[in-house]
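# Observations on chain architecture
As a plain string of letters, each chain reads:
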Amino acid sequence: MPMKKSEELAFRILAIVSEIPEGKAATYAQIARLCGCPRHARLVGKVLSLSEFYGQFPCHRVVDRSGRICPHWPEQRALLQAEGVEFKDADHVDLKRCRWEA
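As the structure is a computational prediction, the values presented were derived from the model and not from experiment. (Residues numbered from 1 in each chain as written. Predicted model: local features only at pLDDT ≥ 70, side-chain atom pairs only at ≥ 80, totals over all residues. Heavy atoms only, no water.)

## With respect to the overall build of the protein
- On a plain count of helices and strands, the protein comes out with five helices and two strands.
- Starting at the N terminus and ending at the C terminus, the protein contains elements arranged as α-β-α-α-β-α-α.
- Taking 2.2 N^0.38 as the reference for a compact globule, 102 residues should give roughly 13 Å; the C-alpha atoms of the protein span a radius of gyration of 13 Å, in line with that estimate.
- Projected onto its principal axes, the C-alpha positions of the protein cover 40 × 25 × 20 Å.
- Across the 102 residues of the protein, 39% fall into the buried class.
- If you take every contact in the protein between residues at least 6 apart in sequence, the share linking residues at least 24 apart comes to 57%.
- By element, 52% of the accessible surface of the protein is carried by carbon and sulfur atoms, the whole surface being about 6,500 Å².
- In the protein, the 16 positive side-chain charges and the 13 negative ones have mean positions that sit 8 Å from each other. (Helix = DSSP H or I, 4+ residues; strand = E, 2+ residues; numbered from the N terminus. Rg over C-alpha atoms; globule rule 2.2 N^0.38 Å. Buried < 20%, exposed > 50% of the residue type's maximum accessible area, 1.4 Å probe, protein only. Contact = heavy atoms within 4.5 Å. Areas by Shrake-Rupley, 256 points an atom, 1.4 Å probe, with all protein chains shown as cover. Lys, Arg positive; Asp, Glu negative; His and termini not counted. Charge placed at Lys NZ, Arg CZ, Asp CG, Glu CD.)

Now the structure itself:
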């Protein structure tokens, strides 16, 4: 994929992530679907891992399809809890209660 197209996609992904309201969570697959790339949830994760180079985005509100938070980002749980996101257990957001319906 040419650099310009890649950057456009990255900004599309980040624009969608910036719309997730406080207290809600979305999945990588959900973001991929919303940006028109339904089979590229991993690409969404890659873009989010590099988001600091593009600005400030609420990437902590994105979890995997089971609601699992990132194992290598200990601050994610605290950020979500501070916003009122409920957890099923130590590692999983309660998506039934907190999923963002876009």
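Now that the structure has been shown, we can carry on.
## Focus on the pattern of salt bridges
- A complete count under the given rule lists three salt bridges for this structure.
- The partner of E86 in a salt bridge is R97, with the nearest N and O atoms 3.1 Å apart. Here R97 lies in helix α5 (residues 95-98) and E86 lies in the loop between α4 (75-82) and α5, a separation of eleven residues in the sequence.
- We classify R97 as exposed; its relative accessible area is 55%.
- Members of the salt-bridge network, linked through shared partners, are E86, D94 and R97. (Salt bridge = Lys/Arg side-chain N within 4 Å of Asp/Glu carboxyl O.)

## Focus: the nonpolar core
- Grouped together as the largest cluster of nonpolar side chains are 19 residues, with contacts concentrated most on I13, V17, I20, I31, V44, L48 and V62.
- Of all the secondary structure elements, the ones that give two or more residues to this core are α1 (3-18), α2 (28-34) and α3 (41-49).
- Considering each element in turn, this core owes the most residues, six residues, to α1.
- The residues contacting V44, other than those within four sequence positions of it, are I13, Y28, I31 and A32. (Core = buried A, V, L, I, M, F, W, Y, C linked by side-chain atoms within 4.5 Å.)

## As for a nonpolar patch on the surface
- A contiguous nonpolar patch, built from F11, L50, F53 and Y54 and spanning about 400 Å² of accessible area, is present on the exposed surface.
- Within the secondary structure, L50 is located in the loop between α3 and β2 (62-63). (Patch = residues over 30% accessible without salt bridge, like charges linked within 9 Å, V, L, I, M, F, W, Y side chains within 5 Å.)

## Details of the environment of E101
- Structurally, E101 is set in the segment after α5.
- It is 8.8 Å that separates the C-alpha atoms of E101 and K24, two residues lying 77 residues apart in sequence.

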